[in-house]
Amino acid sequence: MSPLEFREAPVLDQREVAPNIFLLRVGGEFHALPGQFFLLRAWGLHPPLSRPMSVFDLSPGSLSFAYAVRGEGTRLLSRLRPGDIVQVLGPLGKGWSRAEGKVALVGGGMGLAPLLFTAKVFGRPLHIFLGFKGEPFLVEEFLPFGEVYVATEKPGYPGAFLGLVTEAFEPRGYAAVYACGPRPMLEALYEKCRAAGVPLHVSLEERLACGIGACFGCTIFTKRGPVRLCREGPVFRADEVFDGARSFRGT
Ligand SMILES: Cc1cc2nc3c(=O)[nH]c(=O)nc-3n(C[C@H](O)[C@H](O)[C@H](O)COP(=O)(O)OP(=O)(O)OC[C@H]3O[C@@H](n4cnc5c(N)ncnc54)[C@H](O)[C@@H]3O)c2cc1C
Ligand code: FES
(Lines give C-alpha, C1' and ligand atoms only; values in the text may rest on other atoms or scores of the structure.)
(Ligands and ions follow the chains in the order given, each with its own letter.)
Protein backbone atom coordinates (compact mmCIF):
# COMPACT_ATOMS: atom_id res chain seq x y z
CA MET A 1 0.00 0.00 0.00
CA SER A 2 1.27 3.50 -0.87
CA PRO A 3 2.34 5.47 2.21
CA LEU A 4 0.00 8.25 0.99
CA GLU A 5 -3.17 6.18 1.05
CA PHE A 6 -5.57 6.08 3.95
CA ARG A 7 -6.13 2.65 5.38
CA GLU A 8 -8.98 1.44 7.51
CA ALA A 9 -8.16 0.50 11.08
CA PRO A 10 -10.67 -0.95 13.54
CA VAL A 11 -10.93 0.62 16.97
CA LEU A 12 -9.73 -1.89 19.57
CA ASP A 13 -10.53 0.30 22.55
CA GLN A 14 -10.87 3.88 23.65
CA ARG A 15 -10.95 5.33 27.16
CA GLU A 16 -11.15 8.77 28.68
CA VAL A 17 -8.06 8.93 30.89
CA ALA A 18 -8.80 12.42 32.26
CA PRO A 19 -11.54 14.94 31.50
CA ASN A 20 -11.48 15.43 27.71
CA ILE A 21 -8.27 13.41 27.26
CA PHE A 22 -8.65 10.15 25.34
CA LEU A 23 -6.48 7.15 24.59
CA LEU A 24 -7.47 5.51 21.31
CA ARG A 25 -6.02 2.15 20.19
CA VAL A 26 -6.57 0.87 16.67
CA GLY A 27 -5.69 -2.51 15.21
CA GLY A 28 -3.27 -3.35 12.40
CA GLU A 29 0.43 -3.70 11.68
CA PHE A 30 2.10 -0.28 11.56
CA HIS A 31 5.60 1.11 11.64
CA ALA A 32 6.82 4.58 12.61
CA LEU A 33 9.76 6.47 14.02
CA PRO A 34 9.35 8.30 17.30
CA GLY A 35 8.12 11.84 16.61
CA GLN A 36 6.22 10.90 13.45
CA PHE A 37 2.47 11.36 13.15
CA PHE A 38 -0.60 10.01 11.37
CA LEU A 39 -3.61 11.76 9.87
CA LEU A 40 -6.89 10.48 11.27
CA ARG A 41 -10.44 10.82 10.10
CA ALA A 42 -13.58 9.07 11.23
CA TRP A 43 -16.16 11.02 9.28
CA GLY A 44 -17.29 11.63 5.68
CA LEU A 45 -16.70 14.93 3.90
CA HIS A 46 -17.01 17.27 6.86
CA PRO A 47 -14.76 18.47 8.38
CA PRO A 48 -12.71 18.38 5.15
CA LEU A 49 -9.30 18.19 6.82
CA SER A 50 -8.05 15.08 8.55
CA ARG A 51 -6.54 15.59 12.00
CA PRO A 52 -2.83 15.02 12.77
CA MET A 53 -1.99 12.90 15.81
CA SER A 54 1.42 11.80 17.05
CA VAL A 55 2.17 8.17 17.62
CA PHE A 56 1.61 7.64 21.33
CA ASP A 57 2.42 3.93 21.26
CA LEU A 58 3.03 1.27 18.70
CA SER A 59 3.09 -2.48 19.36
CA PRO A 60 2.67 -5.55 17.18
CA GLY A 61 -0.97 -5.44 16.06
CA SER A 62 -1.85 -1.98 17.37
CA LEU A 63 -1.23 1.75 17.20
CA SER A 64 -2.31 4.24 19.90
CA PHE A 65 -3.02 7.94 19.99
CA ALA A 66 -3.48 10.15 23.05
CA TYR A 67 -5.42 13.32 22.36
CA ALA A 68 -7.31 16.20 23.89
CA VAL A 69 -10.77 17.09 22.63
CA ARG A 70 -10.52 20.61 21.21
CA GLY A 71 -13.10 20.96 18.43
CA GLU A 72 -15.22 19.08 15.96
CA GLY A 73 -12.64 16.55 14.69
CA THR A 74 -11.45 15.39 18.07
CA ARG A 75 -15.04 15.35 19.38
CA LEU A 76 -15.93 12.93 16.57
CA LEU A 77 -12.87 10.81 17.35
CA SER A 78 -13.88 10.68 21.01
CA ARG A 79 -17.20 9.06 20.10
CA LEU A 80 -15.54 6.04 18.50
CA ARG A 81 -16.31 2.68 20.05
CA PRO A 82 -14.64 -0.75 19.67
CA GLY A 83 -15.28 -2.12 16.19
CA ASP A 84 -15.76 1.32 14.57
CA ILE A 85 -13.45 2.14 11.69
CA VAL A 86 -10.89 4.98 11.61
CA GLN A 87 -9.09 6.06 8.44
CA VAL A 88 -5.36 6.47 9.14
CA LEU A 89 -2.60 7.79 6.91
CA GLY A 90 1.04 7.60 7.88
CA PRO A 91 3.60 7.56 9.25
CA LEU A 92 4.15 11.18 8.18
CA GLY A 93 6.85 13.77 8.84
CA LYS A 94 10.32 13.20 10.20
CA GLY A 95 11.09 11.43 13.43
CA TRP A 96 13.87 12.26 15.87
CA SER A 97 16.87 10.12 16.64
CA ARG A 98 18.55 9.56 19.97
CA ALA A 99 21.74 11.29 21.00
CA GLU A 100 24.17 8.99 22.79
CA GLY A 101 24.31 9.22 26.56
CA LYS A 102 21.74 10.37 29.09
CA VAL A 103 18.89 12.28 27.47
CA ALA A 104 15.77 13.98 28.82
CA LEU A 105 12.24 14.15 27.45
CA VAL A 106 10.08 17.09 28.52
CA GLY A 107 6.34 17.19 27.88
CA GLY A 108 3.88 19.94 28.67
CA GLY A 109 0.25 18.82 29.02
CA MET A 110 -0.92 17.05 25.86
CA GLY A 111 2.63 17.54 24.57
CA LEU A 112 3.40 14.24 26.29
CA ALA A 113 1.72 12.49 23.33
CA PRO A 114 4.81 11.88 21.16
CA LEU A 115 7.05 11.13 24.14
CA LEU A 116 5.88 7.68 25.23
CA PHE A 117 6.85 5.96 21.98
CA THR A 118 10.03 8.06 21.98
CA ALA A 119 10.88 6.81 25.48
CA LYS A 120 10.14 3.22 24.46
CA VAL A 121 12.41 3.37 21.41
CA PHE A 122 15.18 5.51 22.95
CA GLY A 123 15.63 3.40 26.09
CA ARG A 124 17.62 4.26 29.20
CA PRO A 125 19.49 6.24 30.45
CA LEU A 126 16.45 8.45 30.16
CA HIS A 127 14.80 11.04 32.38
CA ILE A 128 11.21 12.04 31.62
CA PHE A 129 9.74 15.33 32.87
CA LEU A 130 5.97 15.79 32.53
CA GLY A 131 4.21 19.05 33.34
CA PHE A 132 0.49 19.59 33.89
CA LYS A 133 -1.79 22.51 34.68
CA GLY A 134 -3.90 20.34 36.99
CA GLU A 135 -4.27 16.65 37.67
CA PRO A 136 -1.52 14.58 36.00
CA PHE A 137 -2.61 11.96 33.45
CA LEU A 138 -1.00 9.00 31.65
CA VAL A 139 2.07 9.22 33.93
CA GLU A 140 1.97 5.49 34.75
CA GLU A 141 2.47 4.65 31.06
CA PHE A 142 5.94 6.21 31.21
CA LEU A 143 7.20 4.50 34.36
CA PRO A 144 8.69 1.40 32.67
CA PHE A 145 10.89 3.45 30.35
CA GLY A 146 12.88 5.89 32.49
CA GLU A 147 13.01 7.98 35.65
CA VAL A 148 9.82 10.03 35.66
CA TYR A 149 9.41 13.46 37.28
CA VAL A 150 6.05 15.23 37.45
CA ALA A 151 5.28 18.93 37.84
CA THR A 152 1.84 20.41 38.26
CA GLU A 153 0.60 23.94 38.76
CA LYS A 154 -2.18 22.75 41.09
CA PRO A 155 -1.42 21.79 44.71
CA GLY A 156 -2.46 18.42 46.09
CA TYR A 157 -0.32 15.88 44.23
CA PRO A 158 2.24 14.39 46.64
CA GLY A 159 5.60 13.76 45.04
CA ALA A 160 4.96 16.24 42.23
CA PHE A 161 6.88 19.51 41.87
CA LEU A 162 4.47 22.42 42.39
CA GLY A 163 5.00 24.80 39.48
CA LEU A 164 5.99 24.78 35.82
CA VAL A 165 7.90 21.86 34.35
CA THR A 166 10.38 24.38 32.94
CA GLU A 167 11.13 25.48 36.52
CA ALA A 168 11.60 21.89 37.67
CA PHE A 169 13.87 20.93 34.79
CA GLU A 170 17.62 21.61 34.70
CA PRO A 171 19.25 20.69 31.38
CA ARG A 172 22.87 20.54 32.58
CA GLY A 173 24.27 17.01 32.37
CA TYR A 174 22.11 15.76 29.49
CA ALA A 175 23.48 14.91 26.05
CA ALA A 176 20.26 16.26 24.49
CA VAL A 177 16.70 17.21 25.37
CA TYR A 178 13.55 16.34 23.38
CA ALA A 179 10.37 18.28 24.07
CA CYS A 180 6.80 18.84 23.03
CA GLY A 181 4.26 21.25 24.48
CA PRO A 182 2.88 24.76 24.18
CA ARG A 183 5.10 27.27 22.36
CA PRO A 184 5.85 29.42 25.50
CA MET A 185 7.00 26.28 27.32
CA LEU A 186 9.29 25.30 24.43
CA GLU A 187 10.74 28.80 24.26
CA ALA A 188 11.42 28.87 28.01
CA LEU A 189 13.04 25.46 27.74
CA TYR A 190 15.16 26.64 24.84
CA GLU A 191 16.50 29.56 26.89
CA LYS A 192 17.61 27.13 29.60
CA CYS A 193 19.09 24.60 27.18
CA ARG A 194 20.94 27.28 25.25
CA ALA A 195 22.42 28.70 28.46
CA ALA A 196 23.53 25.19 29.44
CA GLY A 197 24.90 24.39 25.96
CA VAL A 198 22.59 21.37 25.61
CA PRO A 199 20.91 20.66 22.24
CA LEU A 200 17.12 20.85 22.33
CA HIS A 201 14.87 19.11 19.80
CA VAL A 202 11.23 20.16 19.65
CA SER A 203 8.07 18.75 18.13
CA LEU A 204 5.86 21.60 16.89
CA GLU A 205 2.28 20.37 17.02
CA GLU A 206 0.72 23.37 15.36
CA ARG A 207 -2.13 23.59 12.89
CA LEU A 208 -1.78 21.71 9.60
CA ALA A 209 -3.88 21.67 6.44
CA CYS A 210 -3.21 18.81 3.98
CA GLY A 211 -0.60 17.24 6.28
CA ILE A 212 1.23 15.56 3.39
CA GLY A 213 3.46 18.33 2.04
CA ALA A 214 1.22 19.39 -0.86
CA CYS A 215 -0.32 22.76 0.13
CA PHE A 216 2.55 24.63 1.87
CA GLY A 217 -0.06 25.88 4.37
CA CYS A 218 2.14 24.85 7.29
CA THR A 219 5.29 26.64 6.11
CA ILE A 220 7.48 28.20 8.79
CA PHE A 221 10.73 30.13 8.38
CA THR A 222 13.76 28.55 9.96
CA LYS A 223 17.44 29.38 9.96
CA ARG A 224 17.77 27.18 6.86
CA GLY A 225 14.88 28.91 5.07
CA PRO A 226 11.18 28.10 4.70
CA VAL A 227 10.18 24.52 5.52
CA ARG A 228 6.93 22.62 5.74
CA LEU A 229 6.07 21.67 9.28
CA CYS A 230 4.32 18.49 8.14
CA ARG A 231 7.10 17.30 5.85
CA GLU A 232 10.44 18.62 7.12
CA GLY A 233 9.05 18.55 10.70
CA PRO A 234 7.22 18.28 12.99
CA VAL A 235 10.50 17.74 14.86
CA PHE A 236 13.22 20.36 14.56
CA ARG A 237 16.35 21.46 16.36
CA ALA A 238 15.13 24.31 18.54
CA ASP A 239 17.89 26.68 17.43
CA GLU A 240 16.68 26.29 13.83
CA VAL A 241 13.16 27.46 14.63
CA PHE A 242 13.61 29.82 17.57
CA ASP A 243 16.91 31.62 16.85
CA GLY A 244 15.98 34.65 14.80
CA ALA A 245 13.58 32.56 12.70
CA ARG A 246 10.06 33.75 12.03
CA SER A 247 6.89 32.03 10.96
CA PHE A 248 4.41 32.94 8.25
CA ARG A 249 1.78 32.55 10.94
CA GLY A 250 3.35 34.92 13.42
CA THR A 251 3.96 32.21 16.03
C1 LIG B 1 2.14 16.85 13.87
C2 LIG B 1 1.04 17.04 14.88
C3 LIG B 1 0.83 16.09 15.84
C4 LIG B 1 -0.21 16.26 16.76
N5 LIG B 1 -0.38 15.29 17.71
C6 LIG B 1 -1.35 15.46 18.64
C7 LIG B 1 -1.54 14.46 19.64
O8 LIG B 1 -0.86 13.43 19.65
N9 LIG B 1 -2.52 14.69 20.56
C10 LIG B 1 -3.29 15.83 20.53
O11 LIG B 1 -4.16 15.99 21.40
N12 LIG B 1 -3.14 16.76 19.60
C13 LIG B 1 -2.19 16.60 18.64
N14 LIG B 1 -2.04 17.56 17.68
C15 LIG B 1 -2.99 18.68 17.64
C16 LIG B 1 -4.30 18.16 17.00
O17 LIG B 1 -4.06 17.79 15.67
C18 LIG B 1 -5.38 19.25 17.06
O19 LIG B 1 -5.71 19.49 18.40
C20 LIG B 1 -6.61 18.79 16.31
O21 LIG B 1 -6.34 18.75 14.93
C22 LIG B 1 -7.78 19.73 16.59
O23 LIG B 1 -8.85 19.31 15.76
P24 LIG B 1 -10.35 19.64 16.14
O25 LIG B 1 -11.17 19.43 14.92
O26 LIG B 1 -10.77 18.92 17.35
O27 LIG B 1 -10.29 21.17 16.52
P28 LIG B 1 -10.62 22.40 15.59
O29 LIG B 1 -12.10 22.53 15.44
O30 LIG B 1 -9.79 22.33 14.34
O31 LIG B 1 -10.08 23.56 16.53
C32 LIG B 1 -10.66 23.74 17.82
C33 LIG B 1 -9.80 24.66 18.65
O34 LIG B 1 -8.51 24.06 18.87
C35 LIG B 1 -7.48 24.89 18.40
N36 LIG B 1 -6.47 24.05 17.76
C37 LIG B 1 -6.60 23.34 16.63
N38 LIG B 1 -5.45 22.72 16.31
C39 LIG B 1 -4.58 23.04 17.29
C40 LIG B 1 -3.23 22.72 17.55
N41 LIG B 1 -2.51 21.97 16.72
N42 LIG B 1 -2.66 23.23 18.66
C43 LIG B 1 -3.36 24.01 19.51
N44 LIG B 1 -4.64 24.36 19.32
C45 LIG B 1 -5.23 23.89 18.23
C46 LIG B 1 -8.15 25.81 17.37
O47 LIG B 1 -7.44 27.03 17.24
C48 LIG B 1 -9.51 26.00 17.95
O49 LIG B 1 -9.50 27.00 18.93
C50 LIG B 1 -1.02 17.41 16.73
C51 LIG B 1 -0.79 18.39 15.75
C52 LIG B 1 0.23 18.20 14.84
C53 LIG B 1 0.47 19.25 13.81
S1 FES C 1 -0.08 21.03 5.75
FE2 FES C 1 -0.03 21.08 3.57
S3 FES C 1 2.10 21.22 3.17
FE4 FES C 1 2.02 20.96 5.33
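As the structure is a computational prediction, the values presented were derived from the model and not from experiment. (Residues numbered from 1 in each chain as written. Chains lettered and ligands numbered in written order. Predicted model: local features only at pLDDT ≥ 70, side-chain atom pairs only at ≥ 80, totals over all residues. Heavy atoms only, no water.)

**Student:** Is there a simple way to think about the overall build of the protein in this case?
**Tutor:** Per the secondary structure count, the protein includes six helices and 16 strands. Taken over C-alpha atoms, the radius of gyration comes to 18 Å for the protein, in line with the 18 Å a tight globule of 251 residues would show. Along the first, second and third principal axes, the C-alpha set of the protein runs to 50 × 45 × 30 Å. Once local pairs closer than 6 in sequence are excluded, the contacts in the protein between residues at least 24 apart make up 58%. Of the roughly 11,500 Å² of accessible surface on the protein, 55% is carried by carbon and sulfur atoms. Of the charged side chains in the protein, 28 are positive and 24 negative, and the gap between their average positions amounts to 4 Å. (Helix = DSSP H or I, 4+ residues; strand = E, 2+ residues; numbered from the N terminus. Rg over C-alpha atoms; globule rule 2.2 N^0.38 Å. Contact = heavy atoms within 4.5 Å. Areas by Shrake-Rupley, 256 points an atom, 1.4 Å probe, with all protein chains shown as cover. Lys, Arg positive; Asp, Glu negative; His and termini not counted. Charge placed at Lys NZ, Arg CZ, Asp CG, Glu CD.)

**Student:** Sorry if this is basic, but what is going on with the domain arrangement of the protein here?
**Tutor:** By convention, interface size is frequently given as the accessible area that disappears when the constituent parts associate. Parsing the protein into structural domains produces domain 1 (7–91) and domain 2 (103–205). Computed from C-alpha atoms alone, the centre-to-centre distance between domain 1 and domain 2 is 23 Å. Domain 1 puts 19 residues into the contact, and the matching count from domain 2 is 14 residues. For the domain 1 and domain 2 pair, buried surface summed over both sides reaches about 1,300 Å², with 69% attributable to carbon and sulfur atoms. The largest share of the area that domain 1 buries against domain 2 comes from Pro 34, Ser 54 and Phe 56, three residues that together contribute 42% of it. At the boundary of domain 1 and domain 2, one finds two salt bridges. Across the pair Glu 141 and Arg 15 runs a salt bridge whose closest N-O atoms are separated by 3.3 Å. (Domains from an automatic or database assignment. Buried area = accessible area lost by both parts, 1.4 Å probe. Salt bridge = Lys/Arg side-chain N within 4 Å of Asp/Glu carboxyl O.)

**Student:** Could you clarify how one ought to interpret the site of ligand 1 in this entry?
**Tutor:** In the vicinity of ligand 1 lie 20 residues, with Arg 51, Pro 52, Gly 73, Thr 74 and Arg 207 positioned nearest. Contact between ligand 1 and Arg 51: an oxygen atom at 2.7 Å from a side-chain N or O atom of the residue. Between ligand 1 and Ser 54, the relevant distance is 3.0 Å, taken from a nitrogen atom to a main-chain nitrogen or oxygen of the residue. Surface burial for ligand 1 is 77%, taken as the share of its 880 Å² of free accessible area covered by protein chains. Listed by contribution, the elements that provide at least two residues to the shell around ligand 1 are strand S4 (51–54), strand S6 (62–68) and helix H1 (72–78). In terms of residue count, S4 provides more of the shell around ligand 1 than any other element does, four residues in total. Each residue belonging to the shell around ligand 1 can be placed in one class, and the counts come to 10 nonpolar, four polar and six charged. Split by domain, the shell around ligand 1 shows at least three residues from each of two domains, domain 1 (7–91) and domain 2 (103–205). (Near = heavy atom within 4 Å. Polar contact = N/O pair within 3.5 Å; in protein donor to acceptor, adjacent residues only side chain to side chain. Nonpolar A, V, L, I, M, F, W, Y, C, P; charged D, E, K, R; others polar.)

**Student:** Would you explain the sheet that holds strand S7 (residues 85–92) in this entry?
**Tutor:** Think of a sheet as strands paired side by side through backbone hydrogen bonds, with each pair either parallel or antiparallel. Pairing in this open sheet of seven strands is antiparallel, and the strands run S4-S3-S7-S1-S2-S6-S5 from one edge to the other. The sheet is open, and its two edges are formed by S4 and strand S5 (57–59), each paired on a single side. On average, each strand axis in the sheet is inclined to that of its neighbour by 35°, with strand direction left out of account. Here S5 pairs with S6 via three bridges, running antiparallel. Within S6, the position partnered with Asp 57 by the bridge is Ser 64. (Pairing = 2+ DSSP bridges. Axes fitted to C-alpha atoms, helices over the stretch in contact; angles between N-to-C directions.)

**Student:** What should I look at first to understand the pairing of strand S3 (residues 37–41) in this one?
**Tutor:** Sheet faces and side chains relate simply in a regular strand, where the side chains alternate between the two faces. Buried residues dominate S3, accounting for five of its five residues. Of the two faces of S3, the one holding Phe 37, Leu 39 and Arg 41 and the one holding Phe 38 and Leu 40 are both buried throughout. By the bridge criterion, four bridges tie S3 to S7 in an arrangement that is antiparallel. Within the sheet, the bridge partner assigned to Leu 39 lies in S7 and is Leu 89. (Buried < 20%, exposed > 50% of the residue type's maximum accessible area, 1.4 Å probe, protein only.)

**Student:** Sorry, what's going on with the sheet that holds strand S11 (residues 161–162) here?
**Tutor:** Strand order in the open sheet formed by seven strands is S11-S10-S9-S8-S12-S13-S16, and the pairing between neighbours is mixed. The outermost strands of the open sheet, each flanked by one partner alone, are S11 and strand S16 (235–237). Here helix H2 (residues 115–122) sits on the sheet and contacts strand S8 (103–108), strand S9 (126–132) and strand S12 (176–180); the angle it forms with S8, its principal contact strand, is near 170°.

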